[in-house]
Amino acid sequence: MPLLVKDYSWTQTPSSICLTIPLKGTNPRKVDVFATDEYLKVHFPPFLLEVFFSEAIDDDTSVAKIGNGVAVLTLRKKEDRMWEQLTINDADKKILKSIRERAVLKAQEKSAADSTARAEKKQQENKYTLEKMMKIEEEQRNNIEKLKADERERATAELEAWKLQQKREAEKEDARRNRQKQTQEQKTQLNHTSQLSSTKNAGTVKYQRKDSDKKNRTPLPAPRSSCTIKIQFTPRVFPTALRESRVPEEEEWLKKQADVRRQTNTDVSELNDLKEDERNPDWLKEKGNKLFVTGNYLAAVNAYNLAIQLNRKIPALYLNRAACHLKLKNLHKAIEDSSQALDLLLPAVADNADARMKAYVRRGTAFCELQLYAEGLQDYDAALKIDPYNQTVLSDAEKIRQFIQGSMPDHLDPEKKM
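Quick caveat, the model's predicted, so the values are computed rather than measured.

1. Considering the packing of helix α8 (residues 353-369) against helix α9 (residues 373-386)
- Put simply, α8 and α9 touch, their axes get as near as 7 Å, and they point 165° apart. Taken together, the axis directions place α8 and α9 in an arrangement best described as roughly antiparallel. In the crossing of α8 with α9, the sense of the turn from one axis to the other is left-handed. Every residue of α9 that contacts α8 at Ala 353, Arg 356, Met 357, Tyr 360, Val 361, Arg 363, Gly 364, Thr 365, Phe 367 and Cys 368 is listed here: Tyr 373, Glu 375, Gly 376, Asp 379, Tyr 380, Ala 382, Ala 383 and Ile 386.
- Residue composition of the contact of α8 with α9, grouped by class: 11 nonpolar, 3 polar and 4 charged.

2. Re helix α7 (residues 331-344)
- Its 14 residues give α7 an end-to-end C-alpha distance of 20 Å, which sits within 8% of 20 Å, the value for a rise of 1.5 Å per residue.
- What α7 keeps buried is the set Leu 331, Ala 334, Ile 335, Asp 337, Ser 338, Ala 341, Leu 342 and Leu 344.

3. Quick look at the confidence of the model for the chain
- Of all residues in the chain, 83% attain a pLDDT of 70 or more, and the chain-wide mean is 82.
- Confidence drops under a pLDDT of 50 for residues 413-418, and excluding neighbours within four residues, the segment shows 20 contacts in the predicted structure.

4. Quick word on the packing of α9 against helix α10 (residues 391-405)
- Following both chains from N to C, one finds α9 and α10 inclined at 150°, their axes separated by 10 Å at the closest point. As the angle between them shows, α9 and α10 are arranged roughly antiparallel. Between α9 and α10 lies a crossing whose hand is left-handed. Together, Tyr 373, Ala 374, Leu 377, Tyr 380, Asp 381, Ala 383 and Leu 384 of α9 and Val 393, Leu 394, Asp 396, Ala 397, Ile 400, Arg 401, Phe 403 and Ile 404 of α10 make up the contact between the two elements.

5. Comments concerning α8
- In a regular helix each residue adds 1.5 Å, so 17 residues correspond to 24 Å; α8 covers 25 Å between its end C-alpha atoms and thus fits that length.
- Extensive coverage of α8 is indicated by the burial of 13 of its 17 residues.
- Where α8 ends, the next residue or the one after it, Gln 371, has phi of about 65°, a positive value.

6. A word on the packing of aromatic side chains
- On inspection of all chains with the given rule, the structure shows 6 aromatic pairs.
- Aromatic pair Phe 44 and Phe 47: ring centres 5.6 Å apart, planes at 35°, arrangement tilted.
- The buried category is assigned to Phe 44, whose relative accessible area is 0%.
- Phe 47 gets classed as buried once you look at its relative accessible area, which sits at 16%.
- Here Phe 53 and Trp 83 contribute two aromatic rings whose centre-to-centre distance is 6.3 Å and whose plane-to-plane angle is 65°, an arrangement assigned as edge-to-face. Of this pair, Phe 53 sits in the loop between β6 (47-52) and β7 (57-67) while Trp 83 sits in the loop between β8 (70-77) and α1 (93-198), placing them 30 residues apart in sequence. Note on accessibility: Phe 53 and Trp 83 belong to one class, buried.
- Among the aromatic residues, those joined into a cluster by ring pairs are Phe 34, Tyr 39 and Phe 52.
- A cation over a ring is seen here: Lys 24 above Phe 47, with NZ or CZ 5.6 Å from the ring centre.

What counts and how
Residues numbered from 1 in each chain as written. Predicted model: local features only at pLDDT ≥ 70, side-chain atom pairs only at ≥ 80, totals over all residues. Heavy atoms only, no water. Axes fitted to C-alpha atoms, helices over the stretch in contact; angles between N-to-C directions. Helix = DSSP H or I, 4+ residues; strand = E, 2+ residues; numbered from the N terminus. Parallel < 35°, antiparallel > 145°, perpendicular 65-115°, else oblique. Left-handed = near helix turned anticlockwise from the far one by under 90°. Contact = heavy atoms within 4.5 Å. Nonpolar A, V, L, I, M, F, W, Y, C, P; charged D, E, K, R; others polar. Expected span 1.5 Å × (residues − 1). Buried < 20%, exposed > 50% of the residue type's maximum accessible area, 1.4 Å probe, protein only. pLDDT = per-residue confidence, 0-100. Phe/Tyr/Trp six-rings, centres within 6.5 Å; stacked < 30°, edge-to-face > 60°. Lys NZ or Arg CZ within 6 Å of the ring centre and 35° of its normal.

Now the structure itself:
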């Protein structure tokens, strides 16, 4: 049985009524207000206030504000005048019950009408949207047809111009050939005339020319002897010059890479569903890289796991799996994979410098996520020794250094591509 509220107060103006109700320590979220033009109910368990208005109010424009331990209701009168009293006095219980039931019925009818109005409004909005989209699509189709027609006209004009140009060039070529033919005929006629005139003196000129050639001829030197010059270069796998390289370390690195290529175990039960050409660590590595790019980090980890079971000597597999564990917040596994990659990347040569830097940065990031900032800073410093001009690593290392010194840095999330 609810407790009826009696200690409320009300004031009025010719156009409105202000009703103040103390909430008696009740949470404002638990206050329920229900009002019609002749009935008001305010329920906040275990208290209840019912008001049967002596005259009608406009419940659509009335406002309720709840807070600071009170509920203030501003009720708009339907007629602007002063009321003699707020509630109906000495009303029969049957009349009050009838008013209450009528208020509930009005509220239900109003709710149904509002729902119908909202549905009609939504239907009209959908209809308008559909018509607008159809109109836009029609305009787009018209524009496309217009563009097609313009393109056809332009292509036709270009084709006609090309045909005209080809015709003119053919005419020019015919005229040029005619001129060449006429010139050739004139040259032939001229040569025939010159041959007839020079035949008479041919014998004398022939003998004179032979004597002149004999007098002017000089002896030629003997030919040089041929030989072959052989040039040999020192074979080099690494791009650096031999004088700048560390030969023993590089030879050890090349030997490790050769062992990696030879040590491929295909007897893994998890690979039974793969094709023969897919049972390859390189193929699985590329598959994992594509899954990483799409954000499917768990599937990428599975691909790298299979590749590692096939060949445990490829550092890139551990390095890429460490990046996946970073995304999945498996920080200890990220540290373990980064360390394994660093072990496989020994000896330190120029060919694996980029991979070693990524391994240091990813392990340092995992240490920082575990709040082991001193260890993380050591790995970032090791990465900077490999690439001192990497701005991203420089910035993150400075943030870690500031945090260790007492100032909080921004979130560290360096992007490490595979």
